[in-house]
Amino acid sequence: MMTQGDNIANDILFEWLLRRGDTALILGHRVSEWCGHSPALEEDIALANIALDLIGQSRLWLGYAGEVEDRGRGENELAYLRDTWDFRNILLAEQPNGDFGTTLMRQFLIDVWQDALLEALKTSADERIAEIAVKAGKEVAYHLDRSSDLVIRLGDGTPESHWRMQDALDTLWPYVGEMFAADAVDEAMAAAGLAPDPKMLKPGWEHTVAAVFKQATLTQPQSDFAHKGGLTGRHSEHLGHLLSEMQFLQRAYPGATW
Amino acid sequence: MKKEWPLWEVFIRGQHGLNHRHVGSLHAPDAEMAIRNARDVYTRRKEGVSIWVVPSALITASDPANRDALFEPATDKIYRHPSFYDIPDEVGKM
């Protein structure tokens, strides 16, 4: 087993870890926005559980990122004291909640990808990455179980739930491609045996998604157009608003602790 | 269309070997989702290893108005408790 820094430049590993941690953090914060607003009490608690799982995962990724960077920043500094252009989450994660169907579709599209990614990361040559993937993998397996079930139920539900789910899918589809776009960071990670090439995850993702959409009676959009930029810090306008809320306390009262 | 999901009673088994115990109720459209909801609502703090859900409508309950007739007669029959025996120490906890 390797330890950090072997066989890969620290700045590349840091960059890749931020992508994992930021995607989990931003999606987790988005899901947490439902707390107290969900359509049913049971759903409210389920969404809060998922948000907490994701924020927990981001702590592991960002904690490791801070160690790799070795400039004295820990998970808290990375989460609360960076600005928009420093975030490396995929654009899909920061898209607004919209209606319940949009939140659910966003979760499903990301869950299928995360599930495959974490499965592959369990055999990473980096011990820490493999450990995080094992822990997060169990949580994400449940998230996927739940989100795919609800996508099918609502897609194949009432006329209103069907059009809302189709509408959500059509709206979010242009953000799917970013999950599978590989750049130099991904290629270096793959070459070092630390992470899979994102492109390799696409056939499995497409297979699962197509099977669920078929059961859900949803029509998969044909367009290949993909918004990109989240992984290099070029975000949609939504992220700044999200951060202004998420980071408010540390911005208004720097250094505040419990 | 009925807006409210039906009510389910939730039973959780805390550890292997123990009984399922009633922990509360929740709403869900069907049994499968009742299990998922129970997992999310009632096992967040490692409370269980197994979940049962039962439609609340299928539970037949005793009538509280009959309480005296049903339960009062047992209160003065202390001899029904096996508390008049000396239990040997080697039996341990019963």
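Right above here is the structure, for reference.
In this text the structure is predicted, and so the values were computed from the model without any measurement.

Draft legend 1. Representation of the overall build of chain A. Helices and strands together make up the secondary structure of chain A, namely eleven helices and zero strands. Starting at the N terminus and ending at the C terminus, chain A contains elements arranged as α-α-α-α-α-α-α-α-α-α-α. Its C-alpha atoms give chain A a radius of gyration of 18 Å, within 12% of the compact-globule value 18 Å for 258 residues. For chain A, the C-alpha atoms occupy an extent of roughly 55 × 45 × 30 Å along the three principal directions. Looking at the 258 residues of chain A, the share that counts as buried comes to 54%. Considering only intrachain contacts with a sequence separation of at least 6, the fraction spanning at least 24 residues in chain A is 81%. Counting every atom, chain A has about 11,400 Å² of accessible surface; 56% of that belongs to carbon and sulfur.

Draft legend 2. Spotlight on the interface of chain A and chain B. Opposite the 13 residues of chain A that make contact, chain B presents 14 residues. Taken over both partners, the interface formed by chain A and chain B buries close to 1,300 Å², and the fraction arising from carbon and sulfur atoms is 49%. Taken as a group, E42, Y142 and R153 of chain A account for 47% of the area that chain A buries against chain B, more than any other trio of residues on that side. A salt bridge links R146 of chain A to D40 of chain B; the nearest nitrogen and oxygen atoms lie 3.7 Å apart. At the junction of chain A with chain B, the criterion picks out eight residue pairs in polar contact (both at pLDDT 80 or more). Looking at the side of chain A that touches chain B, the elements that each hand over two or more residues are α2 (41–69) and α6 (127–155) of chain A. Counting residues per element, the side of chain A that touches chain B draws most heavily on α6 of chain A, at six residues. Across the side of chain A that touches chain B, the residue classes break down as six nonpolar, two polar and five charged.

Draft legend 3. Broad picture of the packing of aromatic side chains. All names here are of chain A. Summed over the entire model, instances satisfying the criterion amount to five aromatic pairs over all chains. Taking 5.8 Å as the distance between ring centres and 90 degrees as the angle between the ring planes, the aromatic pair formed by W34 and F100 counts as edge-to-face. Of this pair, W34 sits in the loop between α1 (10–32) and α2 while F100 sits in helix α5 (residues 100–121); the two residues are 66 residues apart in sequence, bridging distant segments of the chain. Plain terms: the ring middles of W173 and W205 are 6.0 Å apart, the flat faces sit at 40 degrees to each other, and that makes the pair tilted. Of this pair, W173 sits in the loop between α7 (159–172) and α8 (184–191) while W205 is found in helix α9 (residues 202–215), placing the two residues 32 residues apart along the sequence. The exposure classification of W173 matches that of W205, with both residues buried. Every member of this aromatic cluster is reached through a ring pair, and the members are W173, F180 and W205. Above the ring of W16, the side-chain terminus of R20 is found at 4.9 Å from the ring centroid. The ring of F87 has R82 sitting right over it, with the charged end atom 4.3 Å from the ring centre.

Draft legend 4. Region of interest: the pattern of salt bridges. Overall, the coordinates contain 25 salt bridges over all chains when judged by the stated rule. The salt bridge partner of D30 of chain B is R153 of chain A, with a shortest N-O separation of 2.9 Å. A residue pair is termed interchain when its members come from two chains, as with D30 of chain B in the loop between β2 (20–27) and α1 (31–42) and R153 of chain A in helix α6. D30 of chain B gets classed as partly exposed once you look at its relative accessible area, which sits at 26%. Using a relative accessible area of 23% as the deciding quantity, one classes R153 of chain A as partly exposed. Taken together, the shared-partner salt bridges in this structure form one network comprising D145, D149 and R153 of chain A together with D30, E32 and R36 of chain B.

Draft legend 5. Here's a closer look at the sheet that holds β2 of chain B. Residues and elements named next belong to chain B. Reading across the sheet, the three strands line up as β2-β1-β3 and stay open at both edges, with antiparallel pairing between neighbours. If you trace the sheet from one side to the other, it starts and ends with β2 and β3 (50–55), each paired once. Recorded for the sheet is a direction-independent mean angle of 30 degrees between the axes of neighbouring strands. Where strand β1 (residues 7–13) and β3 come together, six bridges link them in antiparallel fashion. Residue pairing for β3: E9 is matched across the bridge by V54. Contacting β1, β2 and β3, α1 crosses the sheet at an angle of about 105 degrees to β2.

Draft legend 6. Main features of the packing of α6 of chain A against α9 of chain A. All names here are of chain A. Two elements in contact, α6 and α9, have axes whose closest approach is 8 Å; the angle formed by their N-to-C orientations is 35 degrees. Contacts between α6 and α9 involve S148, V151 and I152 from the former and V212, F213 and Q215 from the latter. Class assignment of the residues belonging to the contact of α6 with α9 gives a composition of four nonpolar, two polar and no charged.

Draft legend 7. Summary view of the environment of V54 of chain B. Residue and element names in this part refer to chain B. Residue position: V54 is located in strand β3. Each C-alpha atom, one on V54 and one on D68, is 28 Å from the other, the two residues being 14 residues apart in sequence. Residues in contact with V54, not counting those within four places in the same chain, are W8, E9, F11 and I59.

Calculation criteria
Residues numbered from 1 in each chain as written. Chains lettered and ligands numbered in written order. Predicted model: local features only at pLDDT ≥ 70, side-chain atom pairs only at ≥ 80, totals over all residues. Heavy atoms only, no water. Helix = DSSP H or I, 4+ residues; strand = E, 2+ residues; numbered from the N terminus. Rg over C-alpha atoms; globule rule 2.2 N^0.38 Å. Buried < 20%, exposed > 50% of the residue type's maximum accessible area, 1.4 Å probe, protein only. Contact = heavy atoms within 4.5 Å. Areas by Shrake-Rupley, 256 points an atom, 1.4 Å probe, with all protein chains shown as cover. Buried area = accessible area lost by both parts, 1.4 Å probe. Salt bridge = Lys/Arg side-chain N within 4 Å of Asp/Glu carboxyl O. Polar contact = N/O pair within 3.5 Å; in protein donor to acceptor, adjacent residues only side chain to side chain. Nonpolar A, V, L, I, M, F, W, Y, C, P; charged D, E, K, R; others polar. Phe/Tyr/Trp six-rings, centres within 6.5 Å; stacked < 30°, edge-to-face > 60°. Lys NZ or Arg CZ within 6 Å of the ring centre and 35° of its normal. Pairing = 2+ DSSP bridges. Axes fitted to C-alpha atoms, helices over the stretch in contact; angles between N-to-C directions.

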